[in-house]
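Report on the structure
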Amino acid sequence: MSAEVIVAGGGPVGLATAALLDAAGAQVEVFERDHGTGRRSKSSYQRILMCL
Ligand SMILES: Cc1cc2nc3c(=O)[nH]c(=O)nc-3n(C[C@H](O)[C@H](O)[C@H](O)COP(=O)(O)OP(=O)(O)OC[C@H]3O[C@@H](n4cnc5c(N)ncnc54)[C@H](O)[C@@H]3O)c2cc1C
């Protein structure tokens, strides 16, 4: 894949940004330095991240 946009960080903001760019037709790649996403979230963000 040749990404047009690289998003650094797979937190809520990074994933939402990537999803919006993808929906707009951009080739997006997300780089996350840690394993998984949303490790801090225990409540509201967990459901949002599942949607993303
Ligand atoms: C201790 C704590 C507990 C919290 N608990 C909750 C909760 O229970 N419920 C809730 O709704 N909110 C909670 N929050 C708030 C929530 O975590 C933040 O509001 C939210 O994560 C901010 O999203 P973000 O995408 O801006 O940043 P982050 O979630 O911090 O995401 C940024 C990501 O970028 C990655 N990153 C950074 N630098 C690089 C790099 N150079 N290359 C690649 N990846 C990189 C990081 O690893 C990280 O995953 C908590 C916050 C803290 C500090």
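Quick look at the structure, then. (Residues numbered from 1 in each chain as written. Predicted model: local features only at pLDDT ≥ 70, side-chain atom pairs only at ≥ 80, totals over all residues. Heavy atoms only, no water.)

What follows is about the environment of Val-7. Relative to the assigned elements, Val-7 resides in strand 1 (residues 5-8). In this structure Val-7 comes out as buried when scored by relative accessible area, which is 9%. Among all residues touching Val-7, those that are not within four sequence positions of it are Gly-14, Thr-17, Ala-18, Val-28, Glu-29, Val-30 and Phe-31. (Helix = DSSP H or I, 4+ residues; strand = E, 2+ residues; numbered from the N terminus. Buried < 20%, exposed > 50% of the residue type's maximum accessible area, 1.4 Å probe, protein only. Contact = heavy atoms within 4.5 Å.)

In this section: helix 1 (residues 12-23). A rise of 1.5 Å per residue sets the reference length of helix 1, with its 12 residues, at 16 Å; its end C-alpha atoms lie 16 Å apart and thus fit the reference within 8%. Buried within helix 1 are the following residues: Gly-14, Leu-15 and Ala-18. Seen from one end, helix 1 has its buried residues packed into an arc of 95 degrees, which puts them on one side. Of the exposed residues in helix 1, those oriented more than 90 degrees away from the buried face are Val-13, Leu-20 and Ala-23. Phi turns positive, to about 100 degrees, at Gly-25, one or two residues after helix 1. (Expected span 1.5 Å × (residues − 1). Arc of directions from axis to C-beta.)

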